[in-house]
Amino acid sequence: MKVGIIGTGYVGLPTGVGLAELGNEVTCIDREPKKIEALKAGKLTLYEDGLEELFHKNVKAGRIRFTTSMKEGVGNADLVIIAVGTPPHPVTKEADMKYIHAAATELAEYLNGYTVIATKSTVPVGTGDDVEALISKKNPFADFDVVSLPEFLREGFAVHDFFHPDRIVVGANTEKARNVIKELYKPFEGKTNMLFVKRRSSETIKYASNAFLAIKIHYINEMADFCEKTGADITEVAKGMGLDTRIGPRFLNPGPGYGGSCFPKDTMAMAYMARQNNVEMTLINAAIEGNLRRKKQMAERILDAVKEIENPKIAVLGLAFKDGTDDCRESPAMEIVGELINNKADVTAYDPKAMGTACFLLGDKINYADDMYSALKGADVLAVLTEWQEFRTLDLKKTAEIMRHKNIVDCRNLLDAEEAKQNGFVYRGIGR
Ligand code: NAD
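All chains use their own residue numbering, which begins from 1 and follows the written sequence. Thresholds applied to this predicted model are a pLDDT of at least 70 for local features of residues and 80 or more for the giving and counting of side-chain atom pairs; totals over whole chains, interfaces and linings are not thresholded and use all residues. The basis for every side-chain value is the complete set of heavy atoms in the structure, and neither hydrogens nor water enter the calculation.

A.B. asks: Is there a simple way to explain the state of the cysteines in this structure?
C.D. replies: Between two cysteines, a covalent bond joining their sulfur atoms is known as a disulfide. Cysteine sulfur atoms that pair up within 2.5 Å are treated as a disulfide. Under the criterion given, the structure shown has zero disulfides. Left unpaired, Cys28 is separated from the closest cysteine sulfur, that of Cys262, by 19 Å. Residue classification places Cys28 among the buried positions, given a relative accessible area of 0%. Between Cys359, a cysteine without a disulfide, and Cys328, which holds the nearest cysteine sulfur, the sulfur-to-sulfur distance is 11 Å. Think of it in three bands: with a 1.4 Å probe and only protein chains considered, a residue is buried below 20% of the maximum accessible area for its type, exposed above 50%, and partly exposed in between. Cys359 gets classed as partly exposed once you look at its relative accessible area, which sits at 37%.

And the structure:
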């Protein structure tokens, strides 16, 4: 199938590479010439585990191309996937639809023969209708259907999730469009759940899922606070809860709050849609407010560990919003570092993949280290903020020798608390 993908970000690029690997002829379109130049030159513009190898393989096989030209990407396509950003509106916090509307308007004039337009971006309920109207207005003779094709990939696991999706949800209002999507996902037939629903249901499924997961994280974080006050251990509590198949073990890891490019913005957008429709959604609002507070609390916890020390040096391990990615958007780690900077703290940070992204955002407000141990040299407290597996390998004996004071605030419960104590550290984890 000939597929055009608009947007080569964390969703568009892995999707394009994955579809090319399945044998489709893919053209990725982005409005940022720098990204397209880099991709054309064989350089990936973001980090995703396993993406590099597949990218080179498919470029070499001629199954994937990159362009800034809408005409080139859309003109011959059977299917056009919209994967542009839907960031929070700066004032109302609803999903800002300017990129979606621009993409729909720009692609309209190049449609050529029957084409399915699939929206992979996370968009408010009713967006399919708007996209349809925009295209028809610009090109009244276009033969097309608009479907909702929400993306559920996890950043850091995008390639894995593309080939092993939990489910594929398709919101299509016509049989013809459903058949095009069925054809696209034929390789997954019998291997995953494929759910065909009304377009508005599909748009809602994405927000309902993300809001639910955010609430689950917020819940376990509050439960961790409770454990700290009562002498219970959240690791044990979460394990006990997770064995109940109705609850399940995932998303029960307490931490510094949820972050990333999806949960914060999608919960706010869902809350906005609820308000617009006069529906009370107390859980989502509680999660949003609690999550904002949590990052401040984590910063206070780190500062508290060094409150007796003059001009304390803080070593931060982890800046990305989660492991496996270089994405720092709405990263709890970055927000905690921001709080530390506001408190005039001297911060040195290390992240295995996100140094470039973080440096672009923070500039010279902090110091950057080349590896874990360089960050720790002379530090008064170590704050673990992202759950990179590499941090688990930290030699705590060596760490104790190179730090000035032995304090650890482990916001991911990644280090061995007992071993830390044996090496003389004052160790503070989450919920235990
Ligand atoms: P991103 O910001 O990484 O990428 C968006 C890309 O679209 C950018 O490269 C931008 O230049 C390009 N773009 C914007 N307008 C364009 C236009 N008119 N023409 C061509 N290119 C254009 O965003 P992302 O993280 O990939 O997210 C995309 C969408 O997918 C969002 O709605 C997001 O909520 C949703 N989503 C993201 C994830 C995730 O893990 N990142 C997961 C599921 C769903």
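That was the structure; now back to the text.
A.B. asks: What's the story with the pairing of strand S13 (residues 407–410) in this structure? I'm lost.
C.D. replies: The way it works is that DSSP assigns letters per residue, a run of H or I at least four long becomes a helix, a run of E at least two long becomes a strand, and they are numbered from the N terminus. The alternating pattern of S13 places Asn407 and Val409 on one face and Ile408 and Asp410 on the opposite face, and all of these are buried. What makes two strands pair is DSSP finding at least two bridges between them. Inspection of the sheet shows strand S12 (residues 381–384) paired to S13 by three bridges, in the parallel sense. Counted as the bridge partner of Leu382 is Ile408 from S13. In terms of strand pairing, S13 meets strand S14 (residues 426–428) through three bridges, oriented parallel. Residue pairing across strands places Ile408 opposite Tyr427, the latter belonging to S14. Crossover handedness is defined by viewing with both strands directed away from the observer: a clockwise path from the first strand over the helix to the second marks the crossover as right-handed. In this fold, S13 hands off to helix H18 (residues 417–422), which returns the chain to S14; that crossover is right-handed.

A.B. asks: I keep staring at the nonpolar core and nothing clicks. Help me out?
C.D. replies: The nonpolar side chains of a soluble globular protein tend to be buried, and buried together. Buried residues of nine kinds, namely Ala, Val, Leu, Ile, Met, Phe, Trp, Tyr and Cys, make up a nonpolar core once their side-chain atoms join them within 4.5 Å. Ranked by internal contacts, the top residues of the largest apolar core, which has 60 residues, are Ile302, Val316, Leu340, Leu382, Leu385 and Leu394. In terms of residue count, helix H13 (residues 332–342) provides more of this core than any other element does, five residues in total.

A.B. asks: Would you mind going over the packing of aromatic side chains with me for this structure?
C.D. replies: Describing an aromatic ring pair means giving the distance of the ring centres and the angle of the ring planes. Two rings belonging to Phe, Tyr or Trp (six-membered ring only in the last case) form a pair when the distance between their centres is within 6.5 Å. Interplanar angles under 30 degrees mark stacking, angles over 60 mark edge-to-face geometry, and anything in between is tilted. On inspection of all chains with the given rule, the structure shows seven aromatic pairs. A ring pair is formed by Phe251 and Phe263, whose centres lie 6.1 Å apart and whose planes are at 50°; its orientation type is tilted. On the criterion of sequence distance, the pair formed by Phe251 in the loop between helix H10 (234–242) and helix H11 (263–276) and Phe263 in helix H11 is long-range, its members being 12 residues apart. Judged by relative accessible area, which is 28%, Phe251 ranks as partly exposed. Overall, the relative accessible area of 13% leaves Phe263 in the buried class. With a centroid separation of 6.4 Å and 65° between ring planes, the pair formed by Tyr350 and Phe391 is classed as edge-to-face.

A.B. asks: What am I meant to see in the pattern of salt bridges here?
C.D. replies: When the charged atoms of two side chains with opposite charge come close together, those side chains can pair. Salt bridges are counted wherever a side-chain nitrogen of Lys or Arg sits within 4 Å of a carboxyl oxygen of Asp or Glu. One pass over the full model with this rule turns up 24 salt bridges. One salt bridge connects Asp129 with Arg200, and the closest N-O pair in it is separated by 2.8 Å. Of the two residues, Asp129 sits in helix H6 (residues 127–138) while Arg200 sits in helix H9 (residues 199–230), which places them 71 residues apart along the sequence. Relative accessible area serves as the criterion here: at 43%, Arg200 is assigned to the partly exposed category. Asp346 is paired through a salt bridge with Lys313; the nearest N and O atoms lie 3.7 Å apart. One end of the pair, Asp346, is in strand S10 (residues 346–350); the other, Lys313, is in strand S9 (residues 313–317), with 33 residues separating them in the sequence. Connected via shared salt-bridge partners are Asp129, Glu132, Arg199 and Arg200.

Read these as spatial facts, not as claims about activity.
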